[in-house]
Amino acid sequence: MKIKMLEPLGVKKEKVMQAAKKITDAGHEFVFCDRTLTKEEKIERAKDADVLIIANAPLTADIINSAENLKMISVGFTGVDHVDLEACKKKKIRVCNAQGYATDATAEMTVAMMLAALRNIVPYDKEVRNGGTLNGYTHNTLKGKTIGIVGTGAIGRRVGEITKAFGCKLLGYDVYENEEALALGIEYKSVEDIFAQSDIVTLHAPLLESTKHIANKERIGAMKKTGILVNCARGPLVDTQALADALNEEKIAKAAIDVFEMEPPIPADHPLLHAKNVILTPHVAFYSEESLEYRVGMVCDNICAWFNGSPINVKL
């Protein structure tokens, strides 16, 4: 079979090929990718592939439909909302993901964003470089804060573990209550209560029709004036314009955002680029050398398990 990467996985070729050795040793062809491909190049590469490997770039129906032999897609990412699953269903294509590869990396980045916002790390850096000092900033500790976790899956729970160690109170919202979250001390509330009662609201829900703009104008408006919103999950979970307005009107104190409606670079007129008191990072919460090497192994393990008739990490 032909296994083809359609985008880089952020790891050097020798490490990818080392992880793929179990595939090539079984006599299968493995085609590496080290650069971003155009849609036309993806269609050309995919047309004779049996298995495709992607990360977080969109995999659209026209690419999927161009691959006449396609039987399986191994997604090197947690979410699969960037894959046209309807097209996959019609062609009975198996889709597996790398859920869990970046749990620690994303959780650590989330807490780093909280600390950066509370302690003014970004503006203080600029102050020092420009000969400044404290310059009237207020700063706060994480200890004692109420953390509202929207989405208590693996990443949300890991954020809970870390912030609990700082001495925080934990609130949580999810469709179903999680036993591990309850054991951790997370108190489940309605999503409205999460926004109204938390000092910091952090988003860790998947992107679904029901979660799009879960941080909407009304809920953001109900936050404490000293509140902080953190999003290291999916951009469309937040109504961007509503957040920018709340920041500029000082209805909430700060925000820290790693994800947007599109992959960076974001357009120059994006509302958050012109909002006050917001930290912006270019979708890097998942990104660490350790997590990327781990996901390469998961991607290849998914393919081998599928070869053997016992698929793992199945999303479709």
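These remarks concern the structure in this document.

Parameters and conventions
- Residues numbered from 1 in each chain as written.
- Predicted model: local features only at pLDDT ≥ 70, side-chain atom pairs only at ≥ 80, totals over all residues.
- Heavy atoms only, no water.
- Helix = DSSP H or I, 4+ residues; strand = E, 2+ residues; numbered from the N terminus.
- Rg over C-alpha atoms; globule rule 2.2 N^0.38 Å.
- Buried < 20%, exposed > 50% of the residue type's maximum accessible area, 1.4 Å probe, protein only.
- Contact = heavy atoms within 4.5 Å.
- Areas by Shrake-Rupley, 256 points an atom, 1.4 Å probe, with all protein chains shown as cover.
- Lys, Arg positive; Asp, Glu negative; His and termini not counted.
- Charge placed at Lys NZ, Arg CZ, Asp CG, Glu CD.
- Pairing = 2+ DSSP bridges.
- Axes fitted to C-alpha atoms, helices over the stretch in contact; angles between N-to-C directions.
- Parallel < 35°, antiparallel > 145°, perpendicular 65-115°, else oblique.
- Left-handed = near helix turned anticlockwise from the far one by under 90°.
- Nonpolar A, V, L, I, M, F, W, Y, C, P; charged D, E, K, R; others polar.

## Remarks on the overall build of the chain
Then step 1. For the chain, the count of helices and strands is 13 helices and 12 strands.
Then step 2. By the compact-globule yardstick of 20 Å for 316 residues, the chain fits well, its C-alpha radius of gyration being 21 Å.
Then step 3. In terms of its C-alpha atoms, the chain occupies a principal-axis envelope of roughly 65 × 45 × 30 Å.
Then step 4. Expressed as a percentage of the 316 residues in the chain, the buried residues total 49%.
Then step 5. Taking contacts inside the chain between residues at least 6 apart in sequence as the whole, the part at least 24 apart equals 62%.
Then step 6. Working note: accessible area of the chain is about 15,200 Å², and carbon and sulfur atoms make up 51% of it.
Then step 7. One way to put it: in the chain the 39 positive side-chain charges average out to a point 1 Å from where the 42 negative ones average out.

## Side note on the pairing of strand S1 (residues 2–5)
Then step 1. Where S1 meets strand S2 (residues 29–31), three bridges bridge the pair, whose relative direction is parallel. Across the sheet, residue Ile-3 finds its bridge partner in S2, namely Phe-30.
Then step 2. Bridging between S1 and strand S3 (residues 51–54) involves three bridges; their strand directions are parallel. Across the sheet, Lys-4 pairs through a bridge with Leu-52, a residue of S3.

## Comments concerning the packing of helix H6 (residues 103–119) against helix H8 (residues 154–165)
Then step 1. Between H6 and H8, the shortest axis-to-axis distance is 9 Å and the interhelical angle comes to 50 degrees. Classed by the angle they form, the pair H6 and H8 counts as oblique. Read as a crossing pair, H6 and H8 show a hand that is right-handed. Here H6 contributes Thr-103, Asp-104, Thr-106, Ala-107, Glu-108, Thr-110, Val-111 and Met-114 to the contact with H8, which in turn contributes Ala-154, Ile-155, Arg-158, Val-159, Ile-162 and Thr-163.
Then step 2. A per-class count over the contact of H6 with H8 returns seven nonpolar, four polar and three charged.

## A look at the sheet that holds strand S9 (residues 200–203)
Then step 1. Read from one edge to the other, the open sheet built from seven strands follows the order S8-S7-S6-S9-S10-S11-S12, with strand pairing classed as parallel. Pairing within the sheet leaves two strands with one partner each, and these edge strands are strand S8 (187–188) and strand S12 (278–280).
Then step 2. Alignment of S9 against strand S10 (residues 228–231), held across four bridges, turns out to be parallel. In the strand pairing of S10, Val-201 is matched with Leu-229.
Then step 3. Most of the contacts of H6 go to S10, to which it runs at about 150 degrees, and overall it touches strand S6 (146–150), S9, S10, strand S11 (254–257) and S12.

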